[in-house]
Amino acid sequence: MRCNLLVLKVLLSVLSTEMMMTMVQGVCSRMCSCRGAVVNCGKRGLTAATLPSSFPPHTSELYLNDNHLTSLPNNLLDSLSSLRLAHLHGNPWSCDCGILYLRGWLLKQRNDALIRNVTCSSPAHLRGRLVVYLVEEEVLESCRYWMCDLALASQISLFIFIVVQALLLASVILFLRRFERLTREAQRTAAETFTAEDDAQSNEYVMLKDRSM
């Protein structure tokens, strides 16, 4: 009896372990591998487009190293209350507007090794600088250029849209004027035709009257 209970306990333990692993894998991105609370997305060739939008909430250690990441989406790591260590080195971080979230997150960390390994790859004048020690004005300067470019592109697009709309309106106006002119010509032609027919009928009537006399 005791032997049976022991076997049953072992089976239940194995089943519960498998269920826990299944639950972990259920929330683990297919781009990463998960083992317990460790999520490994390192060396997977991840970019901003292929980076998972979330990680298991119980993640305590996260590997994002040696990918092609230039920035992290806002709030990506904020929900990971159990996160103790994140490996972010080996990525070509672009220190422009998009780096502000990562910089803010790094400022809250106490791990010096983590901070030292996250450096800028671009732009050229910031290459090699530690992201966490960037001066906010330096980053905002690149944002300003980006916003100017965006504003210029928006203005050009708006100008092109207005020009296209003006051309369409002019085309409609020309079409309506031409249609109106053709309508008037058709009405005049019809009126002239009716007048000629009336004159012909009148002349024929006069000729018949003269013959009868």
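Residues numbered from 1 in each chain as written. Predicted model: local features only at pLDDT ≥ 70, side-chain atom pairs only at ≥ 80, totals over all residues. Heavy atoms only, no water.

A.B. asks: Before we go on, may I ask you to explain the side chain of Asn-67 in this structure?
C.D. replies: Along the chain, Asn-67 falls in the loop between strand 3 (61–63) and strand 4 (85–87). Within the local environment of Asn-67, its side chain forms a polar contact with the backbone oxygen of Cys-41, the two atoms lying 3.0 Å apart. Here Gly-45 takes part through its backbone nitrogen, which lies 2.9 Å from a polar atom of the side chain of Asn-67. If we ignore the near neighbours within four places in the chain, the residues touching Asn-67 are Cys-41, Gly-42, Lys-43, Arg-44, Gly-45, Leu-46, Gly-90, Asn-91 and Pro-92. (Helix = DSSP H or I, 4+ residues; strand = E, 2+ residues; numbered from the N terminus. Polar contact = N/O pair within 3.5 Å; in protein donor to acceptor, adjacent residues only side chain to side chain. Contact = heavy atoms within 4.5 Å.)

A.B. asks: For this particular structure, what's the right way to read the sheet that holds strand 4?
C.D. replies: Sheet strands line up and pair through hydrogen bonds in the backbone, either parallel or antiparallel. Spatial ordering of the open sheet is given by 1-2-3-4, a layout of four strands whose pairing is mixed. Two strands lie at the open edges of the sheet, namely strand 1 (33–35) and strand 4, each paired on one side alone. Taken over all neighbouring pairs, the strand axes of this sheet differ in orientation by 10° on average, direction set aside. With three bridges joining them, strand 3 and strand 4 adopt parallel strand pairing. By the bridge assignment, Leu-62 is partnered in strand 4 with Ala-86. (Pairing = 2+ DSSP bridges. Axes fitted to C-alpha atoms, helices over the stretch in contact; angles between N-to-C directions.)

A.B. asks: Mind showing me how you'd approach the state of the cysteines here?
C.D. replies: A covalent bond between the sulfur atoms of two cysteines is what we call a disulfide. The tally for this structure, following the rule as stated, stands at three disulfides. Each disulfide pairs two cysteine sulfurs, and for Cys-32 the partner residue is Cys-41, the sulfurs being separated by 1.9 Å. Measuring handedness by torsion sign, the sulfur bridge of Cys-32 and Cys-41 sits at about 105° and is right-handed. Judged by its relative accessible area of 9%, Cys-32 is buried. (Disulfide = S-S within 2.5 Å. Buried < 20%, exposed > 50% of the residue type's maximum accessible area, 1.4 Å probe, protein only.)

A.B. asks: For this particular structure, what's the right way to read the UniProt feature "transmembrane region" (unreviewed entry) in the protein chain?
C.D. replies: Taken from the UniProt record, the annotation "transmembrane region" (unreviewed entry) applies to residues 156–176. Secondary structure across residues 156–176 divides into 100% helix and 0% strand, with the first and last C-alpha atoms of the span separated by 30 Å. (UniProt positions renumbered as here; feature names shortened; annotations may be inferred.)

A.B. asks: Would you take a moment to explain the environment of Val-118 for this structure?
C.D. replies: Within the element layout of this structure, Val-118 appears in the loop between helix 3 (112–116) and strand 6 (120–122). For Val-118, a relative accessible area of 0% gives the class buried. With sequence-adjacent residues up to four places away left out, Val-118 is seen in contact with Leu-88, Trp-93, Leu-102, Leu-106, Arg-129, Leu-130 and Val-131.

A.B. asks: Explanation requested: the pattern of salt bridges in the structure shown.
C.D. replies: Close approach of charged atoms allows side chains with opposite charge to pair. Scanning the model with the defined rule gives one salt bridge in all. With a closest N to O distance of 3.2 Å, Glu-180 and Arg-184 form a salt bridge. Here the residue Glu-180 and the residue Arg-184 both occupy positions in helix 4 (residues 136–212), the gap between them amounting to four residues, near one helical turn. (Salt bridge = Lys/Arg side-chain N within 4 Å of Asp/Glu carboxyl O.)

A.B. asks: Just to check I follow, could you spell out the nonpolar core for this structure?
C.D. replies: Where a protein is soluble and globular, its nonpolar side chains tend to be buried together. Of all hydrophobic cores here, the largest spans 34 residues; its most connected members are Phe-55, Leu-72, Leu-88 and Trp-105. Going through the elements one at a time, helix 2 (100–107) and helix 3 are the ones with two or more residues in this core. Examining the composition of this core, we find that four residues originate from one element, helix 2, more than from any other. Not counting residues up to four positions away in its chain, the partners in contact with Trp-105 are Leu-77, Asp-78, Leu-83, Ala-86, Leu-88 and Leu-114. (Core = buried A, V, L, I, M, F, W, Y, C linked by side-chain atoms within 4.5 Å.)

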